[in-house]
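# Examining the three-dimensional arrangement
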Amino acid sequence: MEEGGNIEDWKRGRTGGPIPGVWKRGRTENLLPLYRGRKGALRKRSNGRGELARRMEEWIHLKGIVDNTPEQKQETVRKEMDNFYKLYAKWRSGISDDLVWGNIRPLPETMLQGYSSLRKVDSDDKGCISKQLNKLVVLKLNGGLGTGMGLGTVGPKSLIRVRDNATFLDVTLNQIENLNEKYGVSVPLVLMNSINTDDETRSALKKYKGITGSNVDVLCYMQSYYPRIDRETLLPCVKDYNNIDTNEGWYPPGHGDLYESLYNSGLLEKLISAGKEVLFISNIDNLGATVDLNILNHIMRANSKSQFIAEVTNKTRADVKGGTLIDYNGQAKLLEYAQVPPEHVDDFKCVKTFKIFNTNNLWISLE
């Protein structure tokens, strides 16, 4: 379990998490999507025009996308284009966030806290447990499709049936429902959907409405959607918002967009106003990522200095491509497989050197 960080800038809307400013090949030969938290091989290509003229062309193009959007959606699209341009301009300027491999060190034990060292919650003290649970929000990352599991175009990963005809979403809701019932609390479930999953997820959720005994408040918001880039012109390939429903020319920018999109959705402010103090984040297909009362108690203790906790575990040979935590110039950082230079892939896969596996289970204090 790794701790650290400060989310004040996030709550003030100043940051959207790590922004490497790099590119990845799109679905077709001439379309390129820009990702948060991902790296690719493409580099800046000069078009021979002056910097001022180039920036003006980019600005006019993005302004055109906003202006051609229905009025009721213009403010939302304007925010999306503003955030997109931060990444886009960084790449076009040639700024790189590539890690220097020589500065990477395995994370020292002093930067970790063992789970066994946490104060154990008294299971009989249901009053204290209920008080803490009522300040908790569970957020599931629900932007992915089932294609990554080799199941073809089956729609949202959360709607894949995994056991006894139940989907990932069914099991997740059942877990929270049982928690709420056991302690008499109201822990809500927040789903961060994408343009690829939002419609089908909302449709699937309709079956839970009006079910006797259902005690889970489910809230949805959609992560950002950015325009793909034309390989030849290096400009967004869309000119308006009208084809967003077909996903042509648009894509979700990855999990690094979580913080900014939650803030921009207005949902973060509503949760804080409702008295919520802790956010537990995990992938929708990680059914082992359940609410841990000891970690919740740890982050909520009056003398706790923890604002951000990442659950980690020992890396095995089955996890060699999974993200790991590193010491980079004295700071704890997440290192993903896609960030590793080809000549150091074998080093990254060595479980004796990089022993930590990032589960992507995160606990964040909202105070």
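Just so it is clear, the model here is predicted, and its values are computed rather than measured. (Residues numbered from 1 in each chain as written. Predicted model: local features only at pLDDT ≥ 70, side-chain atom pairs only at ≥ 80, totals over all residues. Heavy atoms only, no water.)

## Brief notes about the overall build of the protein
Counting secondary structure elements, the protein contains 10 helices and 18 strands. Within the span of the protein, comprising 367 residues, buried residues form 47% of the whole. Taking as baseline every contact in the protein between residues at least 6 positions apart, the subset at least 24 positions apart corresponds to 75%. Carbon and sulfur atoms form 49% of the exposed surface of the protein, whose accessible area is close to 18,600 Å². (Helix = DSSP H or I, 4+ residues; strand = E, 2+ residues; numbered from the N terminus. Buried < 20%, exposed > 50% of the residue type's maximum accessible area, 1.4 Å probe, protein only. Contact = heavy atoms within 4.5 Å. Areas by Shrake-Rupley, 256 points an atom, 1.4 Å probe, with all protein chains shown as cover.)

## Concerning the pairing of strand 18 (residues 356-365)
Most of strand 18 is tucked away: 9 of the 10 residues are buried. Judged from the 4 bridges that link them, strand 14 (residues 278-283) and strand 18 form a sheet pairing that is antiparallel. For Phe280, the partnering residue across the bridge sits in strand 18 and is Trp363. Of the strand pairs in this sheet, strand 15 (residues 308-314) and strand 18 are connected by 7 bridges, and their pairing is antiparallel. Bridging from a neighbouring strand, Val312 pairs with Asn358 of strand 18. (Pairing = 2+ DSSP bridges.)

## Looking at the packing of helix 4 (residues 126-133) against helix 9 (residues 293-300)
Interaxial distance between helix 4 and helix 9 falls to 10 Å at its minimum, and their mutual angle equals 70 degrees. As summarised for this structure, helix 4 and helix 9 are arranged roughly perpendicular, according to the angle between their axes. Every residue of helix 9 that contacts helix 4 at Ile129, Gln132 and Leu133 is listed here: Leu293, Leu296, Asn297 and Met300. By residue class, the composition of the contact of helix 4 with helix 9 is 5 nonpolar, 2 polar and no charged. (Axes fitted to C-alpha atoms, helices over the stretch in contact; angles between N-to-C directions. Parallel < 35°, antiparallel > 145°, perpendicular 65-115°, else oblique. Nonpolar A, V, L, I, M, F, W, Y, C, P; charged D, E, K, R; others polar.)

## Describing helix 6 (residues 198-205)
Inspection of helix 6 places Asp198, Thr201, Ala204 and Leu205 among the buried residues, and these make up the whole buried set. What you see down the axis of helix 6 is that its buried residues fit within an arc of 135 degrees, all on one side. Elements in contact with the buried residues of helix 6: strand 6 (136-142), helix 5 (168-183), strand 9 (189-193) and strand 10 (218-222). (Arc of directions from axis to C-beta.)

## What about the pattern of salt bridges?
Using the criterion set out here, one finds 7 salt bridges in the structure. A salt bridge links Glu260 to Lys86; the nearest nitrogen and oxygen atoms lie 3.7 Å apart. Taken together, the positions of Glu260 in helix 7 (residues 258-265) and Lys86 in helix 3 (residues 74-92) put the pair 174 residues apart, joining distant regions of the chain. A relative accessible area of 6% places Glu260 in the buried class. (Salt bridge = Lys/Arg side-chain N within 4 Å of Asp/Glu carboxyl O.)

## Looking at the sheet that holds strand 17 (residues 331-335)
Spatial ordering of the open sheet is given by 5-16-17, a layout of 3 strands whose pairing is antiparallel. Two strands close off the open sheet at either side, each with one partner strand: strand 5 (104-106) and strand 17. Across this sheet, the average inter-strand angle for adjacent strands is 50 degrees, counted without regard to direction. Relative to strand 17, strand 16 (residues 324-328) is paired through 5 bridges, and the arrangement is antiparallel. The partner of Leu325 across the bridge, within strand 17, is Leu334.

## Details of the packing of aromatic side chains
For any pair of aromatic rings, the description rests on two quantities: the centre-to-centre distance and the angle between the ring planes. Overall, the coordinates contain 9 aromatic pairs when judged by the stated rule. Three or more aromatic residues joined by ring pairs make a cluster, and in this case those are Phe84, Tyr85, Tyr88, Tyr226 and Tyr251. Over the face of the ring belonging to Phe348 we find Lys315, whose NZ or CZ atom lies 4.1 Å from the ring centre. (Phe/Tyr/Trp six-rings, centres within 6.5 Å; stacked < 30°, edge-to-face > 60°. Lys NZ or Arg CZ within 6 Å of the ring centre and 35° of its normal.)

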